[in-house]
Amino acid sequence: PPLTSIINLYDFELAFAKFGSRKSHAYISSASNDLLTLQANAAHWHKLWFRPRVLRNVSTVSTRTRLLGLDVSMPVWIAPMGMGKTGGPEAEAALGAGAAAAGIVHCLSTPASLSVEETLASAPGHPWFFQLYVNRDRAKTEAALAKLARHRDQVKALFVTADLPVMSKREADDRIRVTEQTVLPLPDSTGATIAATEGRGGLARTTGSFIDSSFTWECLPWLRRCTDLPLFVKGVQTAADARAALEAGCAGIVVSNHGGRALDNASSTVLVLLELRRDCPEVFERMDILVDGGVRRGSDVLKAFCLGARGVGVGRPFQCAISYGKEGVAHCANILREELETAMRLCGVTDINSVWGNMAYLNTSELD
Ligand code: FNR
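Residues numbered from 1 in each chain as written. Predicted model: local features only at pLDDT ≥ 70, side-chain atom pairs only at ≥ 80, totals over all residues. Heavy atoms only, no water.

As for unusual backbone geometry
Keep in mind that most residues, glycine aside, have a negative phi and that most peptide bonds are trans.
Turning to step 1, where the next piece is worked out: The phi angle at Leu35 is positive, at roughly 65 degrees, despite the residue not being glycine.
Turning to step 2, where the next piece is worked out: With respect to the helices, strands and loops of the structure, Leu35 is situated in the loop between helix H2 (22–29) and helix H3 (36–46).
Turning to step 3, where the next piece is worked out: For Leu35, a relative accessible area of 31% puts it in the partly exposed group.
Turning to step 4, where the next piece is worked out: Notably, Met83 is not glycine yet its phi reads approximately 50 degrees, a positive angle.
Turning to step 5, where the next piece is worked out: Within the secondary structure layout, Met83 lies in the loop between strand E4 (76–78) and helix H4 (91–102). (Helix = DSSP H or I, 4+ residues; strand = E, 2+ residues; numbered from the N terminus. Buried < 20%, exposed > 50% of the residue type's maximum accessible area, 1.4 Å probe, protein only.)

Some remarks on the site of the ligand
Turning to step 1, where the next piece is worked out: Close to the ligand lie 23 residues; Pro80, Thr161, Asp292, Arg296 and Gly315 are nearest.
Turning to step 2, where the next piece is worked out: With respect to the ligand, the side chain of Ser256 contributes an N or O atom lying 3.4 Å from an oxygen atom.
Turning to step 3, where the next piece is worked out: Between the ligand and His258, the relevant distance is 3.3 Å, taken from a nitrogen atom to a side-chain nitrogen or oxygen of the residue.
Turning to step 4, where the next piece is worked out: Considered on its own, the ligand offers 600 Å² of accessible surface; in the complex 98% of this is hidden by protein. (Near = heavy atom within 4 Å. Polar contact = N/O pair within 3.5 Å; in protein donor to acceptor, adjacent residues only side chain to side chain. Areas by Shrake-Rupley, 256 points an atom, 1.4 Å probe, with all protein chains shown as cover.)

Regarding the state of the cysteines
Turning to step 1, where the next piece is worked out: Per the stated rule, a full pass over the model turns up 0 disulfides.
Turning to step 2, where the next piece is worked out: Not engaged in a disulfide, the cysteine Cys306 finds its nearest cysteine sulfur in Cys347; these two sulfurs lie 7.1 Å apart. (Disulfide = S-S within 2.5 Å.)

Some points on the environment of Ala31
Turning to step 1, where the next piece is worked out: With respect to the element layout, Ala31 can be found in the loop between H2 and H3.
Turning to step 2, where the next piece is worked out: Taking C-alpha positions, Ala31 is 8.0 Å from Ala172, a pair spaced 141 residues apart along the chain.
Turning to step 3, where the next piece is worked out: Those residues in contact with Ala31 that lie beyond four places of it in its chain are Leu38, Lys169, Arg170, Glu171, Gly259, Gly260, Arg261 and Arg316. (Contact = heavy atoms within 4.5 Å.)

Here's the deal with the confidence of the model for the chain
Turning to step 1, where the next piece is worked out: Confidence along the chain averages 96 in pLDDT terms, with 97% of residues attaining 70 or more.
Turning to step 2, where the next piece is worked out: Predicted complex, confidence summary: ipTM 1.00, pTM 0.98. (pLDDT = per-residue confidence, 0-100.)

Examining the nonpolar core
Turning to step 1, where the next piece is worked out: Counting residues in each nonpolar core, the largest one holds 94 residues, and the members touching the most others are Trp45, Leu158, Ile253, Leu276, Ile289, Leu302 and Phe318.
Turning to step 2, where the next piece is worked out: Ranked by the residues each element gives to this core, the list is headed by helix H15 (residues 325–347), at 9 residues.
Turning to step 3, where the next piece is worked out: Counting 14 residues, the second-largest nonpolar core is a separate cluster that includes Leu70, Phe129, Ala157 and Phe232. (Core = buried A, V, L, I, M, F, W, Y, C linked by side-chain atoms within 4.5 Å.)

Re the sheet that holds strand E11 (residues 311–314)
Turning to step 1, where the next piece is worked out: With parallel pairing, 8 strands are arranged side by side around a closed barrel as E4-E5-E6-E7-E8-E9-E10-E11. The mean inter-strand angle of the sheet, taken between neighbouring strand axes irrespective of direction, is 30 degrees. (Pairing = 2+ DSSP bridges. Axes fitted to C-alpha atoms, helices over the stretch in contact; angles between N-to-C directions.)

Let's talk about the packing of aromatic side chains
Turning to step 1, where the next piece is worked out: The tally for this structure, following the rule as stated, stands at 6 aromatic pairs.
Turning to step 2, where the next piece is worked out: Taken together, a centroid distance of 5.9 Å and an interplanar angle of 80 degrees make the contact between Phe12 and Tyr324 edge-to-face. Of this pair, Phe12 sits in helix H1 (residues 9–19) while Tyr324 sits in the loop between helix H14 (316–321) and H15, and the two are 312 residues apart along the sequence.
Turning to step 3, where the next piece is worked out: With a relative accessible area of 1%, Phe12 lands in the buried category.
Turning to step 4, where the next piece is worked out: Between the aromatic rings of Phe215 and Trp222, the centroid separation amounts to 6.3 Å while the plane-to-plane angle is 70 degrees, which identifies the pairing as edge-to-face.
Turning to step 5, where the next piece is worked out: Take Phe215: its relative accessible area is 21%, and that puts it in the partly exposed class.
Turning to step 6, where the next piece is worked out: A relative accessible area of 13% places Trp222 in the buried class.
Turning to step 7, where the next piece is worked out: An aromatic cluster is built from Trp77, Phe129, Phe159 and Phe232, whose rings are joined through pairwise contacts.
Turning to step 8, where the next piece is worked out: Positioned above the aromatic ring of Trp222 is the side chain of Arg138, whose terminal nitrogen or guanidinium carbon lies 5.0 Å from the ring centre.
Turning to step 9, where the next piece is worked out: Taking NZ or CZ as reference, Arg277 lies 5.7 Å from the ring centre of Phe284, over its face. (Phe/Tyr/Trp six-rings, centres within 6.5 Å; stacked < 30°, edge-to-face > 60°. Lys NZ or Arg CZ within 6 Å of the ring centre and 35° of its normal.)

Quick notes on the pattern of salt bridges
Turning to step 1, where the next piece is worked out: Tallying each qualifying case throughout the model produces 17 salt bridges.
Turning to step 2, where the next piece is worked out: With its nearest N and O atoms 3.9 Å apart, the salt bridge here joins Glu171 to Arg175.
Turning to step 3, where the next piece is worked out: Overall, the relative accessible area of 29% leaves Glu171 in the partly exposed class.
Turning to step 4, where the next piece is worked out: For Arg297, the salt bridge goes to Glu339, with nearest N and O atoms at 2.8 Å. Highlighted residues: Arg297 in the loop between strand E10 (288–292) and helix H13 (298–306) and Glu339 in helix H15, separated in sequence by 42 residues.
Turning to step 5, where the next piece is worked out: Beyond isolated ion pairs, a larger network of salt bridges with shared partners links Lys169, Glu171 and Arg175. (Salt bridge = Lys/Arg side-chain N within 4 Å of Asp/Glu carboxyl O.)

Set out below in structure tokens:
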């Protein structure tokens, strides 16, 4: 379908399901086991109801804010996703250029299809975040971080993914074998080969085997010595771990369950945000709390911002939008921004920054 017929984020996923390769679609859309966390992520955004204020002048509205000190058009960032080529040939370059066109930031993943240099060249001067899976060969991670240090003008933060110490079971992906025809080459950063996939179909399984499952909080000082980038722990799911990140001196956390792709039956990220507000409200003041998982509407972004998230990551729809190139990616972001503006106006909010952490706009009783 032409890009003009795509009017919401679901349309990108539906178009990809119909016209993308079966293997790529299985990789992008899949989640762990029974898909319970995948479904809860979305369902719980839907259970947060608004408490709009009326008769306010909403003729002009601003979604602009600061995210990790960067000026952005709205509190949305593109979540890190492996193998951009599963979305389309332009891969991460489409995400970067599209993000820059829409005034948001892309978090580049460790198992990306393109190199850091190729990706950053898609939008010279534009800021990026970088996602790190720690390699069980620590020297490889040290080398990757040393390389990243050369791009300090563009790379602004490091997100260390903590919720996937071992590969999860994603059956849709596992059922279709990786072949020579699969979106190849497999990213260098993963060390994965076709030969190694013998008998195990999953693209995620194949490319995730380098992840160090012995990496702990005690290893963060080592990481600290390898990079001077602000550190975020991605995949925090409890108040206890949010406090641990604060005590470890992290700049922030990403409340995330990997879009339901890690532990199935992990709490939705909405429930985790509510837990943090209840059990460690101080973390919202002392770190940047980001969130991702199941966000598909501008109204979800408004909800997350009211809950105290500084920025909201969106994954799968952007990976599917790569099939339309950078215009598709920018269109995906612009749809979200227009929806956010409309939701703000209908809630009686003119400046997004005025409602950060303000629960007065939300009715959470269905989740209490
Ligand atoms: C991911 N995610 C992910 N996370 C990460 O830290 N490193 C990675 O390499 C990947 N790779 C990846 C690939 C694909 C295809 C998807 C869909 C997801 C998780 C991602 O960053 C994010 O947490 C979720 O995708 C957010 O959920 P939604 O928006 O997809 O529902």
